[in-house]
Every structure is written in structure tokens, then in C-alpha cells.
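Spelled out from the first residue to the last, the chains are:
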Amino acid sequence: QVQLVESGGGLVQAGGSLRLSCAASGRSFSGYIMAWFRQAPGKEREFVAAITGTSGSTKYVDSVKGRFTISRDNAKNTVYLQMNSLKPEDTAVYYCAARFGSISYSLENKYDYWGQGTQVTVSS
């Protein structure tokens, strides 16, 4: 069983930056694919980024490439999402997710564990 707790959300002006953190409980953190999803008001939850456990391979949705960076610290059981050049359309609740394995997916039904979410609001 893995428990995930996100932090770092808040209100920021367009063009600003935020760093989200997701702390995971349990063992074998490096064996988990970690991902970030987001859900804007009135929209479906969408994939943002994912990172593999040991090699640190990453993937991103096109809309955040070049602006967001996912990273992890396996010693701290924590995954991060550095968000730069934020836009109003990045406003959403951001969720951390985890799945055991070596292949990262962009489909939310591939992930077994979810955090409670953290709100990110970008003002124009």
C-alpha cells in the first residue's frame, strides 16, 4: 500500500513558477512509476508528466513541454513537479499518482494510488 500526499500548490500570476511535491509512504519507492495529473473545472482529469523509478525517464503532455519538469528523489520518497512560465490554462487541481512497474503510462486507469490533490491557480 502506498499513500501519497501532495503539497506546494497555491495562487501565482501568469509567468510565475511553483514547485509541487508528492511524498510517498511505504517501501520500494524506486519500483514505482510516479506521475502527475490535473483536472480543471468542468474538464476531465488529464495526464501531465511521468517519471520511471530508477532510470528517471520522463514523458510529458505536449502543452507543458519546455515549461514543466518532473523529477524524483528516491532517498526521500518524493516526486516533484517544477512548473515555470505558468499560464491561466494551467489552473487545476494537481494529483500525484503511482503504479508499480517499469513502464509509464498517460492513462489514469493504469495508476493504482492517488493523492488528494493540490490546487494550482494561475491569475492573468
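Anything mentioned here points back to the structure above.
Quick notes on the rules
Residues numbered from 1 in each chain as written. Predicted model: local features only at pLDDT ≥ 70, side-chain atom pairs only at ≥ 80, totals over all residues. Heavy atoms only, no water. Helix = DSSP H or I, 4+ residues; strand = E, 2+ residues; numbered from the N terminus. Rg over C-alpha atoms; globule rule 2.2 N^0.38 Å. Buried < 20%, exposed > 50% of the residue type's maximum accessible area, 1.4 Å probe, protein only. Contact = heavy atoms within 4.5 Å. Areas by Shrake-Rupley, 256 points an atom, 1.4 Å probe, with all protein chains shown as cover. Lys, Arg positive; Asp, Glu negative; His and termini not counted. Charge placed at Lys NZ, Arg CZ, Asp CG, Glu CD. Disulfide = S-S within 2.5 Å.

1. What about the overall build of the chain?
Reasoning step 1: For the chain, the helix and strand inventory stands at zero helices and eleven strands.
Reasoning step 2: The linear arrangement of helices and strands in the chain, starting from the amino end, is β-β-β-β-β-β-β-β-β-β-β.
Reasoning step 3: Whereas a compact globule of 124 residues would reach a radius of gyration of roughly 14 Å, the chain reaches 13 Å, a difference of no more than 12%.
Reasoning step 4: Counting only C-alpha atoms, the chain reaches 40 × 25 × 25 Å along its principal axes.
Reasoning step 5: Looking at the 124 residues of the chain, the share that counts as buried comes to 44%.
Reasoning step 6: Contacts in the chain between residues at least 24 apart in sequence constitute 58% of all its contacts with a sequence separation of at least 6.
Reasoning step 7: Summed over its atoms, the accessible surface of the chain is roughly 6300 Å², and 46% of this surface lies on carbon and sulfur atoms.
Reasoning step 8: Taken as two groups, the 13 positive and 9 negative side-chain charges of the chain have centres that lie 5 Å from each other.

2. Details of unusual backbone geometry
Reasoning step 1: Of note, the phi angle at Ser28 is positive, near 60°, even though the residue is not glycine.
Reasoning step 2: Turning to its location among the elements, Ser28 is positioned in the loop between strand S3 (18–24) and strand S4 (32–39).
Reasoning step 3: In this model, Asn77 sits at a positive phi of 50°, which is unusual for a non-glycine residue.
Reasoning step 4: Assignment of secondary structure puts Asn77 in the loop between strand S7 (68–73) and strand S8 (78–83).

3. A few points about the state of the cysteines
A covalent bond between the sulfur atoms of two cysteines is what we call a disulfide.
Reasoning step 1: Evaluation of the coordinates by the stated rule reveals one disulfide.
Reasoning step 2: The residue that forms a disulfide with Cys22 is Cys96, at a sulfur-sulfur distance of 2.1 Å. Across the S-S bond linking Cys22 and Cys96, the dihedral sits near -80°, which makes this disulfide left-handed. With a gap of 74 residues between them, Cys22 in strand S3 and Cys96 in strand S9 (residues 92–100) connect regions that are remote in the sequence. There is no split in this pair, since Cys22 and Cys96 are both buried.

4. Some remarks on the environment of Gln116
Reasoning step 1: Along the polypeptide, Gln116 turns up in the loop between strand S10 (113–114) and strand S11 (118–123).
Reasoning step 2: Distance in space between the C-alpha atoms of Gln116 and Ala24 is 12 Å, their sequence separation being 92 residues.
Reasoning step 3: If we skip the residues at most four places from it in the chain, Gln116 touches Leu4, Val5, Glu6 and Tyr95.

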